[in-house]
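Structure assessment
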Amino acid sequence: MESKFASSSSIVFIVVVFFFLCSTQTTISLQTNTIFNATVAQDGSGNYKHINDAIAAAPMHISVTNRYYIRVKPGVYSEYVVVGEEKTNIALIGDDATTTKITGNRSNAIGFGTPQSATMTVDGEGFIGQSLTIENSAPINSGQAVALNNNANHSAFYKCIFMGYQDTLLANTNSQFYKNCEISGTVDFIFGFASAVFQDCGIYVRRLSPANVITANGGKPNPASTNFGFSFQNCTINVAPELRSRKKEVKAFLGRPWQNYATVVFMESYLDEIVLPEGWTWCCNNTILMFAEYNNRGPGANTSRRAKLSGYKVFQSAAEATPFTVSKLIDGDSWIPQTGIPYRGGLNSV
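Residues numbered from 1 in each chain as written. Predicted model: local features only at pLDDT ≥ 70, side-chain atom pairs only at ≥ 80, totals over all residues. Heavy atoms only, no water.

Let's shift gears to the overall build of the chain. Of regular secondary structure, the chain possesses four helices and 28 strands. Restricting to contacts in the chain with at least 6 residues of sequence separation, those with at least 24 account for 65%. Accessible surface, the chain: about 15200 Å² in total, of which carbon and sulfur atoms supply 53%. (Helix = DSSP H or I, 4+ residues; strand = E, 2+ residues; numbered from the N terminus. Contact = heavy atoms within 4.5 Å. Areas by Shrake-Rupley, 256 points an atom, 1.4 Å probe, with all protein chains shown as cover.)

In structure tokens, the structure reads:
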């Protein structure tokens, strides 16, 4: 009698859960077992056909313990996505970055810094982007054409592809993390004022001549602040796939200072032969900077002929490089575990 009652109760429980999930229009990802609050699909099989509609319908000021998950089914979404400041702790997750693309075609004629000037603008704290391509398809000579404008504190992107030419990725403010992403461009295509770590990312240049410039760090908003800058750990610097047959014609600088107190570190990364012996270049008459390299590898990693810039250094010890790790630079141990994204808090060699 007891076993029969338990079996009946289990059936009732399953039925109740099923109807609850249906009533809240929740879908379950078979790939990740993530329970999604909403699904975007161009073919009408989801709750929304447009990403912006799903974001607009999400609750405001969501806590990190109640993160709101939006699945984006495969397709090319031609829209300018905006995640407002009030839309906190939203996760936008595609099935695969190669099949789920958000694309726009706008250059600086629209106006730098406005949501309309970027394909995607994120202001809501705690945002997660995963398995998405975010592209600004403006032609190569269009000037500034931002794919992602990210202002969100404790934001993270995982297995995403960022495509553009000039100024592809604006890591603008606050603490940010990029893991297993691909970023391509030509001029200053990773730029901004954020404290950001790029871990295990592919950085690809897309111009034959003149030389590409990968980073343009904006400098410290407050010169007295600490834990600031861009850090590239275990990344790969190479040419974009479309230029591989002409690789010998491609050259790149690791970065230039957009403003005083610009801070960029490349460490434990692979630098291909496209990296010029000088490594770094000047910009805008800025004289105060901190560019550094540590324990890199590859034909472009030789530092013996680097430009004689005041503030450039080669770190000689793990102690010098440690402040630019995930755990230290962006205090990642306090918030990245809540995203579910894998990461290394320290150096590879420690």
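This next bit is on the side chain of Ser 184. Among the secondary structure elements, Ser 184 is positioned in strand E17 (residues 182–185). Beyond its immediate stretch of four places on either side in the chain, Ser 184 contacts Phe 162, Met 163, Gly 164, Thr 168, Phe 189, Tyr 204 and Arg 206.

Take the sheet that holds strand E14 (residues 161–163) next. The eight strands are arranged E5-E8-E11-E14-E17-E20-E23-E26 in an open sheet whose pairing can be described as parallel. What marks the edges here is a single partner per strand, and that holds for strand E5 (75–78) and strand E26 (270–271). (Pairing = 2+ DSSP bridges.)

The next subject is the state of the cysteines. Counting across every chain of the model gives one disulfide. Across the disulfide, Cys 283 is cross-linked to Cys 284 (sulfur-sulfur distance 2.3 Å). Given the relative accessible area of 49%, Cys 284 is considered partly exposed. Note on Cys 160: no disulfide assigned, nearest cysteine sulfur contributed by Cys 181 at a separation of 5.0 Å. Overall, Cys 160 belongs to the buried group, its relative accessible area being 1%. Considering cysteine sulfurs only, Cys 235 is the nearest to Cys 201, which forms no disulfide, with 4.7 Å between them. Accessibility expressed as a relative area gives 2% for Cys 201, which makes it buried. (Disulfide = S-S within 2.5 Å. Buried < 20%, exposed > 50% of the residue type's maximum accessible area, 1.4 Å probe, protein only.)

Right, let's talk about the packing of aromatic side chains for a bit. Geometry of an aromatic ring pair is reported as the spacing of the ring centres plus the angle between the planes. Per the stated rule, a full pass over the model turns up 15 aromatic pairs. Judged by centre distance (5.3 Å) and plane angle (40°), the rings of Phe 193 and Trp 258 are tilted. Of the two residues, Phe 193 is situated in the loop between strand E18 (187–192) and strand E19 (195–199) and Trp 258 in the loop between strand E24 (252–255) and strand E25 (262–267); the sequence distance between them amounts to 65 residues. Judged by its relative accessible area of 26%, Trp 258 falls in the partly exposed class. Ring geometry for Phe 198 versus Phe 230: centroids 6.0 Å apart, planes at 80°, classification edge-to-face. One end of the pair, Phe 198, is in strand E19; the other, Phe 230, is in strand E22 (residues 230–233), and 32 residues separate them in sequence. (Phe/Tyr/Trp six-rings, centres within 6.5 Å; stacked < 30°, edge-to-face > 60°.)

UniProt feature "active site" (unreviewed entry): in the numbering of this structure it lies at Asp 188. Residue position: Asp 188 is located in strand E18. (UniProt positions renumbered as here; feature names shortened; annotations may be inferred.)

This paragraph deals with the pairing of E17. Sheet analysis places E14 next to E17, joined by two bridges and oriented parallel. Within the sheet, the bridge partner assigned to Ile 161 lies in E17 and is Glu 182. Relative to strand E20 (residues 202–205), E17 runs parallel, the two sharing four bridges. Across the sheet, residue Ser 184 finds its bridge partner in E20, namely Tyr 204.

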